[in-house]
Amino acid sequence: MSTPTAPKPPEAAHRGRRRSTALGLLAWAVGIIFCAPALWMLLTSFHSESDAATNPPSLGAPLTLDGYRVFFGAGGGASPWPPLINSLTASLCSTLLVLLLALPAAYALSIKRVEKWTDVMFFFLSTKMLPVVAGLLPVYLFAKNTGMLDNIWFLVILYTSMNLPIAVWMMQSFLADVPVSIIEAAQVDGARLPTVLARVVAPVAAPGIAATSLICFIFSWNELLFARVLTGVAAQTAPVFLTGVVTSQGLFLAQLCAASVVVSLPVLAAGFAAQDKLVQGLSLGAVK
């Protein structure tokens, strides 16, 4: 028969509450410091150019939407919608292709493991060791010789190949936690591999797939170097359009902040929509 545990002394309980309060305040302080640059960018986007350029910055300056009006083409400026649509097309299409290719590859490396699967995983990892700049000239020459310069679908293929290794690595760890028994049960019932992947593996590994897709989407959306070199007008992406705010006439800080806020919104919206799956996916397998 177990004996009841003695209650904590009042001093110990008080120290525990103070420690918990201090840790909570520290977490809030770290969170505010982490978000301060983004909040400052948001506030500056609502200032006029003269107020945004003051030093020290003016927190109480009047708010205005002039930066957003200029960004969206007021006054005869270039429209941001084609670059935004191009970025959305390249990011979504490349992410879908990555998932279609990475899911069966991760299945073969985690559940139905191929021979020397660790060597295959190292090969995928080794493809990310090459500096991006080192592959810029060969990719440019290939695009030029094949007539694919300033083509959004070439960016889709390029982003797919760039994100596929990290996607296979992430999904391999997620699929390793899928119970083999449910896969074997589906195969006993006559399910073939495409059915197993679509109706058994994908629903169980949905948090990991969501985390992988969000990471690939962010990488594709934020990519600048290849988009800057390989695109001109027709396939210009949002990050490339964003660099056009910095001109020879000077730095328009309020307009730059407004453009940065708009370009960041799709990534923030995707992260907010998938936040539950993202947390589950990033912590999948951490606790057995």
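The structure presented is a predicted model; accordingly, all values stated were derived computationally and were not measured.

A. Main features of the environment of Phe 217. Along the chain, Phe 217 turns up in helix H10 (residues 206-222). Taking the C-alpha atoms as reference points, Phe 217 and Val 98, 119 residues apart in sequence, are found 10.0 Å from one another. Beyond its immediate sequence surroundings of up to four residues, Phe 217 is in contact with Leu 88, Ser 91, Leu 92, Thr 95, Pro 266, Val 267 and Ala 270.

B. Broad picture of the pattern of salt bridges. All told, the structure shown has 1 salt bridge when counted by the stated rule. Linking Asp 66 and Arg 69 is a salt bridge whose minimum nitrogen-to-oxygen distance equals 2.8 Å. Here Asp 66 pairs with Arg 69, and both are found in helix H3 (residues 66-71), just 3 residues apart, close to one helical turn. We classify Asp 66 as partly exposed; its relative accessible area is 39%. Residue Arg 69 is classed as partly exposed on the basis of its relative accessible area of 45%.

C. How the structure looks around H10. Across its 17 residues, H10 extends 24 Å between first and last C-alpha, which sits within 8% of the 24 Å expected from 1.5 Å per residue. For H10, a buried count of 12 out of 17 residues is recorded, marking the element as mostly surrounded by other parts of the structure. Taken residue by residue, H10 has Pro 207, Gly 208, Ile 209, Ala 210, Ala 211, Thr 212, Ser 213, Leu 214, Cys 216, Phe 217, Ser 220 and Trp 221 as its buried positions.

Criteria and cut-off values
Throughout this document, residue positions are counted from 1 along each chain, in the order its sequence is written. Where totals are concerned, whole chains, interfaces and linings use all residues; where local detail is concerned, this predicted model gives features only for residues with pLDDT of at least 70, and gives and counts side-chain atom pairs only at 80 or more. Side-chain metrics in this entry use all non-hydrogen atoms of the structure; hydrogen atoms and water are not considered. By the criteria applied, helices consist of DSSP H or I runs no shorter than four residues and strands consist of E runs no shorter than two, each listed in order from the N terminus. Here, two residues are considered to be in contact whenever any of their heavy atoms come within 4.5 Å of each other. A pairing counts as a salt bridge when a side-chain nitrogen of Lys or Arg comes within 4 Å of a carboxyl oxygen of Asp or Glu. Each residue gets one of three labels from its accessible area relative to the maximum for its type: buried under 20%, exposed over 50%, partly exposed in between, using a 1.4 Å probe on protein chains only. One less than the number of residues in a helix, times 1.5 Å, gives the span that helix is expected to have.

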